[in-house]
Amino acid sequence: MKFSFFYLAIALSFQIAILNAQPRGIHISWNGTGKTATTMAVTWLNDNTDNGVVKYGTKAENLDQTVTAIEAFSSGVKTYVSKATIQSLKPATYYFYKVGSDRNGWSAVYKFKTAPADGDKSKIFIGLWSDTQNNGGNLNFEQTDTIVKQLSKNTYDFTIHTGDIVENGSVAKSWNGYFNTGQPVNSNMPLMSVPGNHDVVNDTTSKIFQRPFPVFFELMNLPGDQLNYSYNYGNAHFIAINSGYAQGAEKVGKVLFAENSEEYKWLEADLKNARQDKNVKWIIMYSHYPLFVFGVSHIQTWQNHIQPLVDKYKVDLYIAGHRHVYERHKAIKGTQIFEQADVHVYNKPQGTVYVNNGSSGGSLQGAGGWDMPDMLFTPRQKIYTYSEMTIQGNTIAYKVFDKQGNPVDYFKLIKD
Ligand SMILES: [Fe+2]
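Quick caveat: nothing in here was measured; it's all calculated off a predicted structure.

Conventions and cut-offs
Residues numbered from 1 in each chain as written. Predicted model: local features only at pLDDT ≥ 70, side-chain atom pairs only at ≥ 80, totals over all residues. Heavy atoms only, no water. Helix = DSSP H or I, 4+ residues; strand = E, 2+ residues; numbered from the N terminus. Buried < 20%, exposed > 50% of the residue type's maximum accessible area, 1.4 Å probe, protein only. Expected span 1.5 Å × (residues − 1). Arc of directions from axis to C-beta. Contact = heavy atoms within 4.5 Å. Core = buried A, V, L, I, M, F, W, Y, C linked by side-chain atoms within 4.5 Å. Domains from an automatic or database assignment. Salt bridge = Lys/Arg side-chain N within 4 Å of Asp/Glu carboxyl O. Donors = N, O, S within 2.8 Å, 3.2 Å for Na, K, Ca; no water.

J.: When you look at unusual backbone geometry in this model, what are you seeing that I'm missing?
T.: Trans peptide bonds make up most of the peptide bonds, and negative phi angles are found at most residues other than glycine. The backbone phi angle of Phe141 is positive, close to 60°, even though this residue is not glycine. Mapped onto the elements, Phe141 comes out in the loop between strand 10 (124–129) and helix 2 (142–151). Residue Phe141 is classed as buried on the basis of its relative accessible area, which comes to 2%.

J.: So what exactly am I meant to see when it comes to helix 7 (residues 262–276) here?
T.: The periodicity of an α-helix, 3.6 residues per turn, causes residues three or four places apart in sequence to face the same way. Helix length check: helix 7, at 15 residues, gives a terminal C-alpha distance of 21 Å against a target of 21 Å (1.5 Å per residue), a fit within 8%. Of all the residues in helix 7, the buried ones are Glu263, Tyr264, Leu267, Asp270, Leu271 and Ala274. For helix 7, the buried positions fall inside an angular range of 130° around the axis, keeping them on one side. The outward face of helix 7, more than 90 degrees from its buried face, is lined by the exposed residues Glu262, Asn273 and Gln276. For helix 7, the elements touching its buried residues are strand 13 (229–233), strand 14 (236–241), strand 15 (282–287) and helix 8 (300–312).

J.: Explain the nonpolar core to me, please; I cannot follow it from the model alone.
T.: Within soluble globular proteins, side chains that are nonpolar tend to cluster in buried spots. If you look at the biggest cluster of nonpolar residues, it comprises 85 residues, and the most contacted ones within it are Phe238, Leu317 and Met389. Composition of this core by domain shows at least three residues from each of domain 1 (2–113) and domain 2 (124–414). When sequence neighbours within four positions are dropped, the list of residues in contact with Met389 reads Ile124, Phe125, Ile126, Leu128, Ile160, Phe238, Ile284, Leu317, Ile319, Ile396, Ala397 and Tyr398. If you look at the next biggest cluster of nonpolar residues, it comprises 31 residues, including Ile239, Ile283, Leu291 and Phe292.

J.: I'm lost on the pattern of salt bridges in this one. Help?
T.: A pair can form between side chains of opposite charge whenever their charged atoms are brought close. What the rule picks out here adds up to twelve salt bridges. Note that Lys312 and Glu268 form a salt bridge whose closest N and O atoms lie 3.0 Å from each other. Here Lys312, found in helix 8, pairs with Glu268, found in helix 7; they are 44 residues apart in sequence, far enough to count as distant. One network of salt bridges, in which partners are shared, links Arg275, Asp316 and Lys415.

J.: Looking at this structure, how should I read the coordination of the iron ion?
T.: Six octahedral donors around a metal ideally sit at 90 or 180 degrees from one another, while four tetrahedral donors ideally sit at 109.5 degrees. Around the iron ion, the protein contributes the donor atoms Asp164 (OD), Asn197 (OD1), His288 (NE2) and His322 (ND1), at 2.1 Å from the metal centre. Going along the chain, you hit the donors of the iron ion in the pattern D-x32-N-x90-H-x33-H. Taken together, the residues His288 in the loop between strand 15 and helix 8 and His322 in the loop between strand 16 (317–320) and strand 17 (326–329) connect sequence positions 34 residues apart. Judged by its relative accessible area of 9%, His322 falls in the buried class.

Spelled out as structure tokens, the structure:
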């Protein structure tokens, strides 16, 4: 009797080991090795060395193609991270995939859609979230889990996450928690994120000031240096920029994107190219720190550095996070604030529309700012939110929901 119990225990522990070894934290993204229409990067975590692969195809029951991942041990999360890039895909096509190996097990089958060709005018549908950080009230990503449940009801072409992914970027448990909680969204829709101040080293005296913790680079699979990058999707151009720890940086005169800095030159060249590109109708920028926001989150130097370029190249929409509220501002250019007849319609605005989406998990901050001259809408209560935007024809339609999926706000941005 004792003997068989011993073998049962061995068998159970073996099974648990296999379960633990299964791929987890699966997320997809574009990493700049090719166009969004023809590539997809797949990243996952695995407790055992695996030499895993991505099996994929256009039918869920026939994953007939294989790409081998590059596997590396992450000292940040103390597990193996596998990264694979699928190339030569067809534009605007659904693919199914799974990751893993016969040795350690396989994931479920997920699916993604490639972008249409550059310049294609088809509808673009994007999910938006931010500040999922696991601080008070969201210690185990409970609030973020409710947002993930809402986001995963939809099939967005991709999602934009404007940073503060975790509360403390040096804590492995937080990254594991985010990628496990976010998997239902991030395994089916590319995650195009930027780091927030909680994801970066906040040591104003060290040379790695404003750089994310190494684990960020180990886990993410984004274009270029993974901090400042851009990509086209259909007829829209997206630019993601790293604001680092702007609040701390302001005190010591190290706010990023100072005129003629390397990152400023890169941004200006990217904006100039995009505005000259006949395939680009819309330019949408995003960063963690906002240019315009109520309260102490407003960093004047950050605004001073970025806004001249936003104005010069007529960026249509600027999205940020950091302050844990949803806020929407009147169109702004320089110091000029443009009034509008309909609070929900920006009709051919002469300035840029600024939106703050900072309430997808981290402890909420108080409502306020209704007396700001440029404030157009912010909820009067503390409220968790996520957003979605549809880009089609000459309109961006933007909708904001609470964590139960009830509408909070909407607007339309119309251009010629
Ligand atoms: Fe932040």
